[in-house]
Amino acid sequence: MKSSLPTALRLCAAAAALTCAVGAQAQTFPASGKTITLIVPFAAGGPTDKVARDLAEALRKPLNGATILVDNAAGAGSTIGTAKAFRAAPDGYTLLVAHVGLATTATLYRNPGFKYDEFEYLGLVNEVPMVVVSKPSMPANTWAELNTWIGQNKGKVNLGNAGLGSASHLCGLMLQNQLKTEMTTVPYKGTAPAMTDLMGGQIDIMCDQTTNTTGQVEGKKIKAFAVSTAKRISVPAVYKDLPTLNEAGLKGFDVSIWHGLYAPKGTPPAVLKTLNDALKVALKDPDFIKKEEGLGAVVVTDGRMNPEEHKKFVASEVAKWGAVIKAAGQYAD
Ligand code: ASP
């Protein structure tokens, strides 16, 4: 008894020091001079990259002016970058900006190198419609004409996408499934390089987020035909006359792409709280909202900006898209 007291005191002192150290680390996160990296699992200059760079800007102020860099770890339909973030040190300094691919890859890949439900979920960022676009030399000018052109060119249509599991892949497989037409899918590391080839006429058509298509449609460098969501797009105005695919006869077609922010599993709770608080400030930043709206994206204002609700939402997306992908059968890759 006599000799165990000092031991107990020593243990208490050690535990207190540990609590102190953890508390201090959380209080000083992000530590001055330390850089935060946002991993983007698609190519630079594309839609996910644009969202991540705008978000980095909006997160800087609530994170005490921290330097926030983007690392484009692109390839394999987002699985390379997502797996890199999954394996990163859980200290809050490496985060992932992912999109619907986090949910679709659960069905499409036997082993994508990560488990979608084993990240720390920080919150949802935005929702973005997609548009069916074509090379500028496409003879068609309306969805009906494009549909006819696709029918007349069976076996010859090249459809660009950002790899198996990407948003453009998902939209493309639904198009092929509903039109009952197999196209030659041309996978890229993101829709930025695919857009370059679409503008150059190396590929014929693509589905892509408005965050990537708006400038090119406004500049008449590509043509736009129909929107993927159940509702038409009123802003940006360049899309206001486009029908939805559902209206155009592809019944039930409704694809909206979301982006979210994630940390590796095991990131300390206090650091996660700091990051989620910063995310909520960023999502209310008028400059960020304006930039996103200008590109057709809607910044999240509902409960999905919180980890728990966001996680439930992604689980529902895994179930929803898993069923669609399985039903698409032969068109799924
Ligand atoms: N828009 C791409 C996709 O189809 C991804 C990207 O390049 O950001 O998923």
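Here, the structure is the one placed above.
Residues numbered from 1 in each chain as written. Predicted model: local features only at pLDDT ≥ 70, side-chain atom pairs only at ≥ 80, totals over all residues. Heavy atoms only, no water.

### Concerning the overall build of the protein chain
- Of regular secondary structure, the protein chain possesses 11 helices and 10 strands.
- The C-alpha atoms of the protein chain give 22 Å as radius of gyration, which agrees with the globular expectation for 333 residues (20 Å, within 12%).
- Taken along its principal axes, the extent of the C-alpha atoms in the protein chain is 95 × 40 × 30 Å.
- Taking all 333 residues of the protein chain together, the buried fraction comes to 51%.
- Contacts in the protein chain between residues at least 24 apart in sequence constitute 79% of all its contacts with a sequence separation of at least 6.
- With an accessible surface of roughly 14500 Å², the protein chain has 56% of that area assigned to carbon and sulfur atoms.
- Counting 34 positive and 28 negative side-chain charges, the protein chain places the averaged centre of each group 3 Å from the other. (Helix = DSSP H or I, 4+ residues; strand = E, 2+ residues; numbered from the N terminus. Rg over C-alpha atoms; globule rule 2.2 N^0.38 Å. Buried < 20%, exposed > 50% of the residue type's maximum accessible area, 1.4 Å probe, protein only. Contact = heavy atoms within 4.5 Å. Areas by Shrake-Rupley, 256 points an atom, 1.4 Å probe, with all protein chains shown as cover. Lys, Arg positive; Asp, Glu negative; His and termini not counted. Charge placed at Lys NZ, Arg CZ, Asp CG, Glu CD.)

### Quick look at the pattern of salt bridges
- A complete count under the given rule lists 9 salt bridges for this structure.
- With a shortest N-O distance of 3.5 Å, Glu57 and Arg60 are connected by a salt bridge. With Glu57 and Arg60 both in helix H2 (residues 47–60), this residue pair falls 3 residues apart, about one helical turn.
- Of the residues examined, Glu57 reaches a relative accessible area of 45% and is grouped as partly exposed.
- Accessibility expressed as a relative area gives 26% for Arg60, which makes it partly exposed.
- Connected through salt bridges with shared partners, the residues Glu127, Asp302 and Arg304 form a single ionic network. (Salt bridge = Lys/Arg side-chain N within 4 Å of Asp/Glu carboxyl O.)

### Points about the site of the ligand
- Near the ligand, the surroundings consist of Phe42, Pro47, Thr48, His99, Ala162, Ser166, Ala167, Ser168, Gly190, Thr191, Asp208 and Gln209.
- His99 has a polar side-chain atom sitting 2.6 Å from an oxygen atom of the ligand.
- Gln209 places a polar side-chain atom, nitrogen or oxygen, 2.5 Å from a nitrogen atom of the ligand.
- A total of 270 Å² of accessible area belongs to the ligand in isolation, and the protein chains cover 100% of it.
- For the shell around the ligand, the elements supplying multiple residues, two or more each, are H2, helix H6 (167–179) and strand E7 (205–209).
- For the shell around the ligand, the class distribution of residues is 4 nonpolar, 7 polar and 1 charged. (Near = heavy atom within 4 Å. Polar contact = N/O pair within 3.5 Å; in protein donor to acceptor, adjacent residues only side chain to side chain. Nonpolar A, V, L, I, M, F, W, Y, C, P; charged D, E, K, R; others polar.)

### Comments concerning the nonpolar core
- Ranked by size, the top nonpolar core spans 83 residues in total, and within it Leu59, Leu102, Trp143, Leu146, Trp258, Leu261 and Tyr262 carry the most contacts.
- In terms of residues, this core owes the most to one element, H6, which gives 7 residues.
- When near neighbours in sequence (up to four residues on either side) are disregarded, Leu261 contacts Leu38, Leu55, Leu59, Leu95, Leu96, Val97, Glu120, Tyr121, Leu122, Gly123, Val125 and Leu279.
- Val131, Val133, Met206 and Tyr239 belong to the second largest nonpolar core, which has 15 residues in total. (Core = buried A, V, L, I, M, F, W, Y, C linked by side-chain atoms within 4.5 Å.)

### Quick notes on the packing of H2 against helix H9 (residues 269–282)
- One can describe the packing of H2 onto H9 by two numbers: an axis separation of 8 Å at closest approach and a directional angle of 105°. Between H2 and H9, the interaxial angle falls into the category roughly perpendicular. Contact residues: Leu55, Ala58 and Leu59 in H2; Ala278, Leu279 and Ala282 in H9. (Axes fitted to C-alpha atoms, helices over the stretch in contact; angles between N-to-C directions. Parallel < 35°, antiparallel > 145°, perpendicular 65-115°, else oblique.)

### A closer look at the state of the cysteines
- On inspection of all chains with the given rule, the structure shows 1 disulfide.
- Between the sulfur atoms of Cys171 and its disulfide mate Cys207 the distance is 2.1 Å. Here Cys207 lies in strand E7 and Cys171 lies in helix H6, a separation of 36 residues in the sequence.
- Overall, the relative accessible area of 0% leaves Cys171 in the buried class.
- Classification of Cys207 as buried rests on a relative accessible area of 1%. (Disulfide = S-S within 2.5 Å.)

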